[in-house]
Amino acid sequence: MARALTSAPDGLAEQGTALTRSSLYRAVWRWHFYAGLLVLPLLIWLAVTGALYVYHDAIDQRVHADLLTVPVSALPGAEPAPHSAVLAAALAAQPGAWFKYTPAAAPGRSAEVGVRTADGAKVAVYINPANAQVLGTLSDRGTLGWTIRKLHSLKYFGPVQRGFIEVAAGWAILLVLTGLYLWWPRGRGEAGNGNTAKGGVVSVRGTPRQRVYWRDLHAVTGLVVGVGLLFLAITGMPWSVLWGAKANEWANGHNFGYPAGVRVQLPMSGQPLADAAHLPWTLQQTQQPGSTGKEGHEGHAGHPAHAQAKAADNPHALHGEVAVAQPAPATSGPARTALDIDAVMAQVQRLQLAPGYTVNPPQGAQGVFTASVYPHDLARQRVVHLDQFTGQPLLDMSYADYGPLGRWLEWGINIHLGQEWGVANQLLLVAVCAGIVLLCVSGAVMWFKRRPAGGVGVPPLPAQRRALVGVVVVLAVGGVVFPLVGVSMVVLAAVDACVVNWGRRV
């Protein structure tokens, strides 16, 4: 992203402190080169698939119109089919057990029922909510929009391959920082190129036939796009396979998702919410409260003062540790019967969740019905757990209930997905993605034009080797924060050592 190929002063005859700036420049340039060589192809992949995913809703509405849209009823006030009829139609078309139900989000939209078959496969059945007519089926999250998302995250290729996403994001952060150092104007002019004060800083010199054109294009594009790339890399980290999973687990265990007291003294089902629903990142490792069959459960989130009092009674909650009560023991007496879906949906509708919410059934005797919605408007994010026997809300959480860091994380993720500012957010993301592609292509062309015939074109070693060691030590901090980046850093250091030894032999 920077003036990575600006010729640093030779400096081989210089001694002492006069050589420091030159050596540091060459050390940073060398690592910037290696990092770019490692992740530029993957950054192009992420930029292209990310730009496509910004418009996943529009893509799905066009490609899967036969499944996602239905005729709007011409009869004003016409009642839709009962929810139980919708579920029955889905299970008749695809035998199994339903694990999620998404009612129509608006007139003219279909309902979706997720069915788990006897062999464990997950199938999405699309239903016309007006008459419970089956429109067709897909694999769960099998739309083109979801396919693009899984390609973007490399989820199609397994957890090992997904680790490269974390490596690319971590190195992208280091590329931006090292690139900014390389771009920084130092008052050095280049004879014969003209416009030396602004060339490669805010303007592009030469023609596409010349290397200086691609160098300057890389530097100026990096200046404009660098902030966006840095933001996308940081906000994309929560989805990474190692760092993101651990950060998610730690955040939920320290009240980033739930405020202190809300979960205290609630019997837990032991099932993570993410197993049942598509949730905000900060809630994906949280356990579901369990059903008790009692009215007025003492952990009701609708009574925050009472929940805070419970937290004060628990010393672990005051030290950032949420005490999780064990599931309530089974009681003797007649067997309890879970509410039917029509009764549950009536309760959910009374709670006035935003359109587009999903309902998940309870898992076992201690399970709960979960209604969750993750709309573009952060203020309307909401997760509600209902006792499966009484319909009583056991927990009702919205974005306003998150801790400060939880709110910041969700805000960053919402922008990353192109949801925070509507069309403006989408256009901004597409522009940044296009800039990232240009940044990578210009860097590759610049390198290709500079490299010697039959060689790799690794930037020269600094005259003062301690400058190279110093840069490695600084970069190692990023390797500690992002472990997979640290592993790749060790590999690159080994490659560099081999290159140096080979150069000496030659």
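Up top is the structure.
Residues numbered from 1 in each chain as written. Predicted model: local features only at pLDDT ≥ 70, side-chain atom pairs only at ≥ 80, totals over all residues. Heavy atoms only, no water.

Draft legend 1. Representation of the pairing of strand β2 (residues 111-116). The buried fraction of β2 amounts to five of the six residues, a majority that puts the element mostly inside the structure. Relative to β2, strand β1 (residues 97-102) runs antiparallel, the two being bridged by five bridges. Note on β2: the bridge partner recorded for Y101 is V113. Across six bridges, β2 lies against strand β3 (residues 122-128) in antiparallel orientation. Note on β3: the bridge partner recorded for G114 is A124. (Buried < 20%, exposed > 50% of the residue type's maximum accessible area, 1.4 Å probe, protein only. Helix = DSSP H or I, 4+ residues; strand = E, 2+ residues; numbered from the N terminus. Pairing = 2+ DSSP bridges.)

Draft legend 2. Just the packing of helix α2 (residues 56-63) against helix α5 (residues 144-152), in detail. Look at α2 against α5: their axes get within 8 Å of each other, and the N-to-C directions meet at 140°. When the axis of α2 is compared with that of α5, the two are oblique. On α5, the residues that touch H56, I59, D60 and V63 of α2 are L144, G145, W146 and I148. Looking at the contact of α2 with α5 residue by residue, the class counts come to five nonpolar, two polar and one charged. (Axes fitted to C-alpha atoms, helices over the stretch in contact; angles between N-to-C directions. Parallel < 35°, antiparallel > 145°, perpendicular 65-115°, else oblique. Contact = heavy atoms within 4.5 Å. Nonpolar A, V, L, I, M, F, W, Y, C, P; charged D, E, K, R; others polar.)

Draft legend 3. Main features of a nonpolar patch on the surface. On the surface, I234, W250, L405, W408, W411, W421 and L428 cluster together to form a nonpolar patch covering roughly 710 Å² of accessible area. Here the nonpolar patch takes three residues from helix α11 (residues 404-416), the largest share from any one element. Within the element layout of this structure, L405 appears in helix α11. (Patch = residues over 30% accessible without salt bridge, like charges linked within 9 Å, V, L, I, M, F, W, Y side chains within 5 Å. Areas by Shrake-Rupley, 256 points an atom, 1.4 Å probe, with all protein chains shown as cover. Salt bridge = Lys/Arg side-chain N within 4 Å of Asp/Glu carboxyl O.)

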